[in-house]
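Observations on the three-dimensional arrangement
Single-letter residue listing:
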Amino acid sequence: MVRALGVAVVGFGWMGRVHTRAYARLPHHYPLLGLRPELVAVAEEVPGLAERAAGQFGFASATRDWREVAADPRVEAVSVTAPNFLHRAIGTAMAEAGKHLWIEKPVGLTAADARAVADAVAVAGVQGAVGFNYRNAPAVETARALIADGEIGRVTHARVRLFSDYAAHPDAALTWRYERERGGSGVLGDLASHGVDLARYLLGEPAELTADTAVFVPERPRPTTPAAGHARAAGGAPGPVGNADYVSCLVRFASGARGVLEACRVSVGEQNAYGFEVHGTRGALFWDFRRMNELGVGRGSAYQDQPVSTVYVGPGDGEFGAFQPGAANAMGYDDLKVVEAYRFLRSVEEGRPYGATLTDAVRSAVALEAMERSVRDGGWVPVPVS
């Protein structure tokens, strides 16, 4: 028996569109899911955008005020894809209104913000999911299983990298993303939050770390007209960038493994260069998001000169079988968000969490704050368990 579930999307930039498409595709890829999302409402403060979204995607209603979504009895689950500085207010309000919550990372500007949303979800007894989508790649899930099964021995060290050029142009508009008050920690929240989640997902909890950050483009032009995304604003009056373009971090994990995490939003020549290398006492694993469906695997007993094979994930790996019939048929980014939507609605259906949760968001935010504390105070700092 399939039941309709009223869903809403708050914030309709690119990520709002991704969430909406994911809801629409769920019956195609997961026909046995007991919930069928029904697009009830969309909220976006930019004039006219919510109405255009309703017309294009079929939402039953549109509003500029997200509070109307919180008060709407038709809405049972909400995607929050608004800018970071709005996450806490919207997320807590939706949970307090009894709505199940699928919210994008980093869930606010601070660990306190993420914790407030997590607490609201727990008190309300609703389900909460967070947009750490890279862990949903079947190759990443396969890597995690290989590590857990001891296929590469004891993990000794790993590297997680997230390099992109979306902010590399010096004329990129000084939007909220580059302001400390509204954009938080900059590349730490935007990209390193994903890196922390991948590291935790594969290797377990970080115990202590030391970090360095930098601002490589210290000024950007203020937009002369409303700007969204990564629009340029040549000719606008310059203003200071208030958060980090780059972070590098050395990590000691509770397991004893060592790690390097590096993220940059101004890496000229790099587009979504996200991935990891994990080394163990008997092998190694390699993954690059740009070759999302491939996993480099080196294992055996040779130790020296041990070969690495490229493994193409297939229907037996993660959720691959819901999308493609055989190995080496490619999945893409939007598919990862469909997986995320499926796990969110499965959580709602069964009353227990599947996939990344608000606890994962809190743990990521705590590690990011430890990085900032290390930059401020110098040296190694512990990563609190909370």
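Residues numbered from 1 in each chain as written. Predicted model: local features only at pLDDT ≥ 70, side-chain atom pairs only at ≥ 80, totals over all residues. Heavy atoms only, no water.

1. Topic: the packing of helix α1 (residues 14-29) against helix α9 (residues 333-350)
One way to put it is that α1 packs onto α9 with a least axis distance of 8 Å and a crossing angle of 70°. Compared by their axis directions, α1 and α9 come out roughly perpendicular. With respect to the hand of their crossing, α1 and α9 are arranged in right-handed fashion. Between α1 and α9, the residues in contact are Trp-14, Met-15, Val-18, His-19, Arg-21, Ala-22, Tyr-23, Arg-25, Leu-26 and His-29 and Tyr-333, Asp-334, Asp-335, Lys-337, Val-338, Ala-341, Tyr-342, Phe-344 and Leu-345, respectively. Class assignment of the residues belonging to the contact of α1 with α9 gives a composition of twelve nonpolar, two polar and five charged. (Axes fitted to C-alpha atoms, helices over the stretch in contact; angles between N-to-C directions. Helix = DSSP H or I, 4+ residues; strand = E, 2+ residues; numbered from the N terminus. Parallel < 35°, antiparallel > 145°, perpendicular 65-115°, else oblique. Left-handed = near helix turned anticlockwise from the far one by under 90°. Contact = heavy atoms within 4.5 Å. Nonpolar A, V, L, I, M, F, W, Y, C, P; charged D, E, K, R; others polar.)

2. Notes on the pairing of strand β4 (residues 77-80)
Residues Ala-77 and Ser-79 of β4 are buried on one face, and the alternating residues Val-78 and Val-80, pointing to the opposite face, are buried as well. Bridge count between strand β1 (residues 3-10) and β4: four bridges; the pairing is parallel. Bridging from a neighbouring strand, Val-9 pairs with Ser-79 of β4. Judged from the four bridges that link them, β4 and strand β5 (residues 100-103) form a sheet pairing that is parallel. If you follow Val-78 over to β5, its bridge partner there is Leu-101. The β-α-β motif built from β4, the intervening helix α4 (residues 87-96) and the parallel element β5 has right-handed crossover chirality. (Buried < 20%, exposed > 50% of the residue type's maximum accessible area, 1.4 Å probe, protein only. Pairing = 2+ DSSP bridges. Right-handed = clockwise from strand over helix to strand, strands pointing away.)

3. Observations concerning the pattern of salt bridges
Summed over the entire model, instances satisfying the criterion amount to 31 salt bridges. Between Asp-65 and Arg-67 there is a salt bridge whose closest N-O contact spans 3.2 Å. Salt-bridge contacts for Arg-74 lead to Asp-72; the nearest nitrogen and oxygen are separated by 2.7 Å. The exposure class assigned to Arg-74 is partly exposed, which follows from its relative accessible area of 40%. (Salt bridge = Lys/Arg side-chain N within 4 Å of Asp/Glu carboxyl O.)

4. Concerning the side chain of Ser-364
As for its position among the elements, Ser-364 is in helix α10 (residues 358-377). The contact partners of Ser-364, leaving out residues within four places of it in the chain, are Phe-132, Ser-193 and Val-196.

5. Section: the sheet that holds strand β14 (residues 283-288)
Pairing in this open sheet of nine strands is mixed, and the strands run β16-β15-β14-β13-β7-β12-β11-β8-β17 from one edge to the other. Of all strands in the sheet, those bounded by a partner on one side alone are β16 (309-312) and β17 (381-382). Bridge count between strand β15 (residues 294-299) and β16: four bridges; the pairing is antiparallel. Bridging from a neighbouring strand, Glu-294 pairs with Tyr-312 of β16. Helix α6 (residues 138-148) contacts β7 (155-163), β13 (273-280), β14 and β15 of the sheet and is inclined by roughly 20° relative to β15.

6. A short note on the state of the cysteines
Taken as a whole, this structure holds zero disulfides when the rule is applied. With no disulfide of its own, Cys-264 has Cys-249 as its nearest cysteine by sulfur position, at a separation of 15 Å. Given the relative accessible area of 6%, Cys-264 is considered buried. (Disulfide = S-S within 2.5 Å.)

7. A closer look at the sheet that holds β5
The strand order β3-β2-β1-β4-β5-β6 describes an open sheet built from six strands, whose pairing is parallel. The open sheet has two edge strands, β3 (61-63) and β6 (128-130), and neither has a second partner. For this sheet, the mean angle separating the axes of adjacent strands, direction not counted, is 25°. In terms of strand pairing, β1 meets strand β2 (residues 35-43) through eight bridges, oriented parallel. Paired with Ala-4 across the bridge in β2 is Arg-36.

8. Quick word on the environment of Gly-48
One can find Gly-48 in the loop between β2 and α2 (49-57). Separated by 15 residues in sequence, Gly-48 and Thr-63 have C-alpha atoms that sit 9.1 Å apart.

Any link to function would need more than the numbers given here.
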